[in-house]
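Observations on the model geometry
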Amino acid sequence: MTQVETSPVLSFEDFKKEVLSDYKIAIISRECSLLGRREVLTGKAKFGIFGDGKEIPQLAMAKAFRNGDFRSGYYRDQTFMMAIGELNIEQFFAGLYGHTDINFDPMSAGRQMGGHFATKSVNEDGSWKNLTQQKNSSADISPTAGQMPRLLGLAQASKIYRNVAGIDTSNFSVNGNEVAWGTIGNASTSEGLFFETINAAGVMQVPMIISVWDDEYGISVHAKHQTTKENISEILKGFQRDEDNNGYEILCVKGWDYADLVATFERASQIAREEHVPVLIHVIELTQPQGHSTSGSHERYKDADRLEWESDFDCIKQMKSWMVTYNIATEEELDAIDANAKKEVLEGKKTAWNAYLNPIKSEQKEACDLLESIANTSDNKVFIQKYADELKEIKEPNRKDILVAARKVLRMISNENSKPTLSKWIADYLNKIQPKFSSHLFSTSDKNVFSVKEVLPTYDQSAEDADGRMILRDNFDAIFTKYPEVLVFGEDAGNIGDVNQGLDGMQEKYGELRVADVGIREATILGQGIGMALRGLRPIAEIQYLDYLLYAIQIMSDDLATLQYRTLGNQKAPLIIRTRGHRLEGIWHSGSPMGMILNALRGIHVLVPRNMTKAAGFYNALLETDEPALIIECLNGYRLKEKMPTNLGAFKTPIGVVETIKEGTDITLVSYGSTLRLVEQAAKELLEKGIDCEIIDIQSLLPFDVNHDIVKSIAKTNRLLVIDEDVPGGASAFIMQHILEVQNAYDYLDSKPQTLTSKEHRPAYGTDGDYFSKPSVEDIYEKVYAMMSEMNPKQYPTLY
């Protein structure tokens, strides 16, 4: 059994001091909730969702929480964050107001509503902090149960660190003793993500503790409409471990019983930490004094008996009664704590509000002074002064108010001498303020994807052709040897070496923890990857086919893609997602939903290599970066022949850079992935007609052609056709927008730019299904020919 940290035995005086300290935290948290609601209802904040009624169990959880542990939580855990020292009164209100300064709102710099918590995992330069010396919270998201898949990965990391040799654990783990703590509301256990995660953790036996805060409601809907038997621990009894079977330890405790809560959470911590067994704690008989949120009142859906019970069994009220009963404190002592806490919260609220408002008021004054100065010399003085006066009269301005006034005045002085002054002020103001809302979508460290330089594959003169899958396999072999912290997992990834044998033999060589089979559960495969990446490992999460990514798209979009953004770069999860797709057979094995992926995954790089050498180069490049990415391998390319490189694990495909794979003079053809092979064949046939096509492989869709090489090609050919196997208006629209608007290719076009895409329906089954659903060689040939015919019908008479 692994030695872990234990709690010291306390004297009565120390015990009393600790209990009173807990009580004060609970009272401060409750007052923050009550005053926070008033701030929303008076208009100072937009929305509030608070942790009132959950204070005492969260104190118990905090007492069992150790340095190195991670939380993946529910948006009502403010008391827990206060108890571990990661949230104070001013920060609570800064989050409520949306303060865009990370020094005031360290959780998200105003990018998320209050109640969404995070701790700092990386230093200013993007390097890892020592996570074993602090208490950690992964950044919250709002989608209910969306925190669960990530929780699984946070717990799995401890199992990896305890059992896989060779990894540098210095910043990340002490022998895998860390526990991942999850919290969720009882109603959210109805979500599929909850059950998927519960099942996966039971199978994997990882140190995960999930606390269900049960107040019998989900917004206004009672548990009888949410959960069979109205009791989540009752219906999960089949997961309870026994002498013969692995499973969960399932505990149930009343949410108002301070002493039992402390004992229960400490017991759960010991089991998970020492034995690496998952634990579920069902915390029952909780209340929600203010209802779900500031959008409604719980008196609308709770009857008088329930409201009376909630008043009697409020967890703070019960803790107070317990302390008096057992002579831990007198009524007078506790009343004094209550009074002081209210005062502290009120003062903290005022401080936070002033810190939020004062910079904006300073900007307001600057704008008013400028508008008044412009008014004095303008033919529209009366109207401009009116805008200035109205702006000045706003006692609690938003930055929107400032810009609206300035931009409306700009219209009035378009022909006056003062226009350049105001125009420059607006531009400078936008340059200063816009990053407060838009920065850090991607990494800003020196390990971002643009820091990696291309390294070409090298070949022996005697290099033989090999199946593409063998290049991938041997490159993965080199990666696993070079990086002990790299692991891959997915459906069929382990024992048989994935469905296309790109990992053939790797499990036997590197073990079942580094090359692992998992169940059919795409969302938690992604969650495993996110959680482990948050803890310093370099996971490769495999989704068997591109179409199956839809099971996990919510996790990728709401969690992984927004992580750096919603923490202002204070957390990172450089997960690599491996999948295979494009052309195959049938509706659910041959889709290319790239438009959906591109629009949902801003914040994740999307890479579309045309062959396995290019794909291997992307894996090699990404492992030198600190950013997440999706790599889509060509499903029909595993058995196509490629030369075997000699520098496996070392060559790198540049990210965001296109490649011209055939030069030409008449038209630029732009595509990616499997479709390029059809484009190349069509180009050969077109050359027989004297049409010389230039072919460009996009290689990466996000980021897209950072060197603007496509427009350089169009400047030469003056024509553009984008070929894509996504639906009309999908990825092709994204590609066209970049080429025309970002690269300004319209300056060089002599013909209308066009796209050639799949049909609007999903691809049909079989050879003919593919031919009649997706662009074919003949489709490409005839589309190009028609564009050339329009330009010179005499030389290229119409085919139809």
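So, here is what we can say about the structure in this document.

How each quantity is defined
Residues numbered from 1 in each chain as written. Predicted model: local features only at pLDDT ≥ 70, side-chain atom pairs only at ≥ 80, totals over all residues. Heavy atoms only, no water. Pairing = 2+ DSSP bridges. Helix = DSSP H or I, 4+ residues; strand = E, 2+ residues; numbered from the N terminus. Axes fitted to C-alpha atoms, helices over the stretch in contact; angles between N-to-C directions. Contact = heavy atoms within 4.5 Å. Buried < 20%, exposed > 50% of the residue type's maximum accessible area, 1.4 Å probe, protein only. Salt bridge = Lys/Arg side-chain N within 4 Å of Asp/Glu carboxyl O.

A look at the sheet that holds strand β14 (residues 605–607)
In spatial order, the strands read β11-β10-β12-β13-β15-β14-β20; together these 7 strands make up an open sheet with mixed pairing. Every other strand in the sheet has two partners, leaving β11 (515–517) and β20 (700–702) as the edge strands with one partner each. Sheet twist, expressed as the average angle between the axes of neighbouring strands with direction ignored, equals 20 degrees. In terms of strand pairing, strand β10 (residues 486–490) meets β11 through 3 bridges, oriented parallel. Within β11, the position partnered with V488 by the bridge is V515. Running over the sheet, helix α22 (residues 612–622) touches β12 (538–542), β13 (576–581), β14 and β15 (629–634) and is turned about 165 degrees from β15.

Concerning the environment of A341
With respect to the secondary-structure elements, A341 resides in helix α11 (residues 331–375). Since its relative accessible area comes to 0%, A341 is described here as buried. For the pair A341 and P728, spaced 387 residues apart in the sequence, the C-alpha separation amounts to 60 Å. Look past the residues within four positions of A341 in its chain and what remains in contact with it is I27 and I28.

A word on the pattern of salt bridges
Across all of its chains, the model carries 51 salt bridges by this definition. Between R469 and D467 there is a salt bridge, and its shortest N-O distance comes to 3.9 Å. Residues R469 and D467 agree in their burial class; the two are buried. A salt bridge links D697 to R610; its shortest N-O distance comes to 2.6 Å. Pair noted here: D697 is in strand β19 (residues 693–697) and R610 is in the loop between β14 and α22, with a separation of 87 residues, a long-range link. Of the two residues examined, D697 and R610, each falls in the buried class. Three or more residues joined by partner-sharing salt bridges are found here, namely D498, E542, R578, R580 and E633.

What to know about unusual backbone geometry
The step from L702 to P703 runs through a cis peptide bond, and the omega angle for that step is 0 degrees. Structurally, P703 can be placed in the loop between β20 and α24 (709–717). At I219, a residue that is not glycine, the phi angle is positive and equals roughly 55 degrees. Mapped onto the fold, I219 is located in the loop between β5 (217–218) and β6 (221–222). Here the phi dihedral of H276 falls at roughly 55 degrees; this positive angle occurs in a residue that is not glycine. Overall, H276 belongs to the buried group, its relative accessible area being 7%.

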